[in-house]
Amino acid sequence: MKRRDMLTAAGLGLTTLALAGCQKQEANCDTQDAPKAEQQTFTWKMVTSWPKNFPGVGVGAERFTQLVKEMSNGRLQVKLFAAGELVPALEVFDAVSRGTAEMGHGAPYYWKGKIPATQFFTAIPFGPTAEEMNAWFFQGGGMALWEEIYKPFGVIPLACGNTGVQMAGWFNKEINSLADLDGVKMRTPGLGGEVLSKVGVTVVNLPAGEIFTALQTGAIDATEWIGPYNDMALGLHKAAKYYYTPGWQEPSVAFELSINEQAWQQLPDDLKAIVKAAAREVNSSMLDEYNARNMDAMEKLKAEGVEVRRLPEDVLNKLKEIAAEVVEAAAASDPASAKVWAAQKDYLGRLRGYSDATTKDILNIRG
């Protein structure tokens, strides 16, 4: 056989094998395939608002990156950056929007100066629990509204964690009346902070890594962060004596996974599905972790002599009254907030009716 005939025969043989392989995999291909989408690998950066290895929220962000790596068999790897390593804690959204990082993890109300409506996707004073907020996100149209609000900034949001009910905070003095709050300088964000400002509190917004020093040095007189699990990790019990409950200002706090839209469009559909599944898993597992770890930490704090107190009933009632006014005013401040609050208020109002007849009633009965 001539050399040309031998090469032709060999080529035909390889082509036959290639086509057979394609048929076996039930995929369309030819002998000049470029690398397929499912063979591509991606390395992304995720910036967060949390200190390195921080319990709860920080661990949740780490768990997300691990899940994505495992579920994608390494095709999508996300390198996590703690607060301050690549960008400051409160600049996560901007970093994702401009493409400095493909992903971010933080609390939506941290960006309320840029997007006021973000407060309604995070926490509402005397508002929804984690279960109720998730119902609105995933069954009541909340996610679609969230996506609409972020679209002008080139960012896609995914719900990715929740603390459940928080604590009212740490104080360096007793709170026996509303007057005791007047003049207090307190670290507290969001709509809850706006409520407190109405009763004379000077509100400060600080990232987690700066709270202990500010409280210990007297730069602030009080702070709320999350709850016993995280508060103990920050050492707040060593800087303030009185620990108050309940967390009226944040009956739950929803966290977000923010994704740069241009980067997102480059992912094949299966990797997009993996990202969504991992975020949904963390959204659930983080709440489980907080419920378990807060219980343990509260017992330890009490054993160390921390005074856990409930805010007086008249204080809570007045704060509730002011909160209703603050929320309505915030909703009226811009069209986006008004649209989100109208939808949320309607859905959560209906949901609360059911919760009151079931969850609330059984909690009251069991004592």
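The text that follows walks through the structure, step by step, so that each part is easy to find.

Time to look at empty space enclosed by the protein. Using the criterion set out here, one finds 3 cavities of 30 Å³ or more in the structure. Roughly 70 Å³ of internal volume is contained in the largest cavity. Around the largest cavity, the lining residues are Ala168, Phe171, Ile175, Leu181, Met186, Thr188, Leu196, Glu224, Trp248, Gln249, Leu311 and Leu319. Taken together, the residues that form the lining of the largest cavity break down as 9 nonpolar, 2 polar and 1 charged.

Below, the discussion takes up the packing of aromatic side chains. Taken as a whole, this structure holds 20 aromatic pairs when the rule is applied. Taking the centre distance of 4.9 Å and the plane angle of 70° together, the rings of phenylalanine 93 and tyrosine 150 count as edge-to-face. One end of the pair, phenylalanine 93, is in helix H3 (residues 92–98); the other, tyrosine 150, is in helix H5 (residues 142–150), and 57 residues separate them in sequence. Tyrosine 150 shares its class with phenylalanine 93; the two are buried. Relative to tryptophan 136, the ring of phenylalanine 121 has its centre 5.7 Å away and its plane inclined at 25°; by these criteria the two rings are stacked. One end of the pair, phenylalanine 121, is in the loop between strand S3 (103–106) and helix H4 (130–139); the other, tryptophan 136, is in helix H4, and 15 residues separate them in sequence. Of the two residues, phenylalanine 121 and tryptophan 136, both sit in the buried class. Geometry around phenylalanine 138 places arginine 280 over its ring, the cationic atom sitting 3.6 Å from the centre.

Next up on the list: the pairing of strand S10 (residues 254–260). Buried residues dominate S10, accounting for 7 of its 7 residues. Judged by which residues are buried, S10 turns out to be covered on both faces: Ala254, Glu256, Ser258 and Asn260 on one side and Phe255, Leu257 and Ile259 on the other are all buried. Where strand S4 (residues 155–162) meets S10, 6 bridges bridge the pair, whose relative direction is antiparallel. Its bridge partner being in S10, proline 157 is matched across the sheet by serine 258.

Among the 10 residues of H4, 7 are classified as buried, and the element is accordingly described as predominantly covered. Where H4 is concerned, the buried positions are Ala130, Glu132, Met133, Asn134, Ala135, Trp136 and Phe137. As for H4, its buried residues are in contact with H5, S4, S10, helix H10 (269–303) and helix H12 (335–366). Just beyond H4, the residue with positive phi is glycine 141, at close to 90°.

A separate point is the pattern of salt bridges. Throughout the structure, instances matching the rule amount to 14 salt bridges. Put simply, arginine 187 and glutamate 224 hold a salt bridge, and the shortest N to O gap is 3.3 Å. Here arginine 187, found in strand S6 (residues 185–187), pairs with glutamate 224, found in the loop between strand S8 (222–223) and helix H8 (228–234); they are 37 residues apart in sequence, far enough to count as distant. Residue classification places arginine 187 among the buried residues on the basis of a relative accessible area of 1%. Taken together, the salt bridges that share partners define one network made up of Glu174, Lys241, Glu307 and Arg309.

Now for the side chain of asparagine 294. Mapped onto the secondary structure, asparagine 294 falls in helix H10. For asparagine 294, a relative accessible area of 14% translates into the label buried. Residues in contact with asparagine 294, not counting those within four places in the same chain, are Gly227, Pro228, Tyr229 and Glu289.

Ordered in space as S7-S6-S8-S5-S9-S11, the 6 strands form an open sheet in which the pairing is mixed. Single-partner strands in this sheet number two, and they are strand S7 (202–204) and strand S11 (307–310).

Time to look at the packing of H4 against H5. For any two helices packed against each other, one specifies the inter-axial angle together with the distance between the axes. Where H4 contacts H5, the axes come no closer than 4 Å and their chain directions differ by 75°. Accordingly, the angle class assigned to the pair H4 and H5 is roughly perpendicular. Packed against H4, whose contacting residues are Trp136, Phe137 and Phe138, the element H5 presents Gly142, Met143, Leu145 and Trp146 at the interface. Tallied by class, residues from the contact of H4 with H5 come to 6 nonpolar, 1 polar and no charged.

The side chains of a regular strand alternate between the sheet's two faces. Covered by surrounding structure in S3 are Met103 and His105 together with Gly104 and Gly106, the residues of both alternating faces. Here strand S1 (residues 42–48) pairs with S3 via 3 bridges, running parallel. Within S3, the position partnered with valine 47 by the bridge is glycine 104. Bridge count between S3 and S10: 4 bridges; the pairing is antiparallel. Residue glycine 106 lies in a different strand from S10, and its bridge partner there is glutamate 256.

What counts as what
Residues numbered from 1 in each chain as written. Predicted model: local features only at pLDDT ≥ 70, side-chain atom pairs only at ≥ 80, totals over all residues. Heavy atoms only, no water. 1 Å grid on protein atoms, 1.4 Å probe; cavity = no way out; pocket = protein on both sides within 12 Å on 5 of 7 lines; lining within 4 Å. Points joined across faces, edges and corners; volume = space filled by probe spheres on them. Nonpolar A, V, L, I, M, F, W, Y, C, P; charged D, E, K, R; others polar. Phe/Tyr/Trp six-rings, centres within 6.5 Å; stacked < 30°, edge-to-face > 60°. Helix = DSSP H or I, 4+ residues; strand = E, 2+ residues; numbered from the N terminus. Buried < 20%, exposed > 50% of the residue type's maximum accessible area, 1.4 Å probe, protein only. Lys NZ or Arg CZ within 6 Å of the ring centre and 35° of its normal. Pairing = 2+ DSSP bridges. Contact = heavy atoms within 4.5 Å. Salt bridge = Lys/Arg side-chain N within 4 Å of Asp/Glu carboxyl O. Axes fitted to C-alpha atoms, helices over the stretch in contact; angles between N-to-C directions. Parallel < 35°, antiparallel > 145°, perpendicular 65-115°, else oblique.

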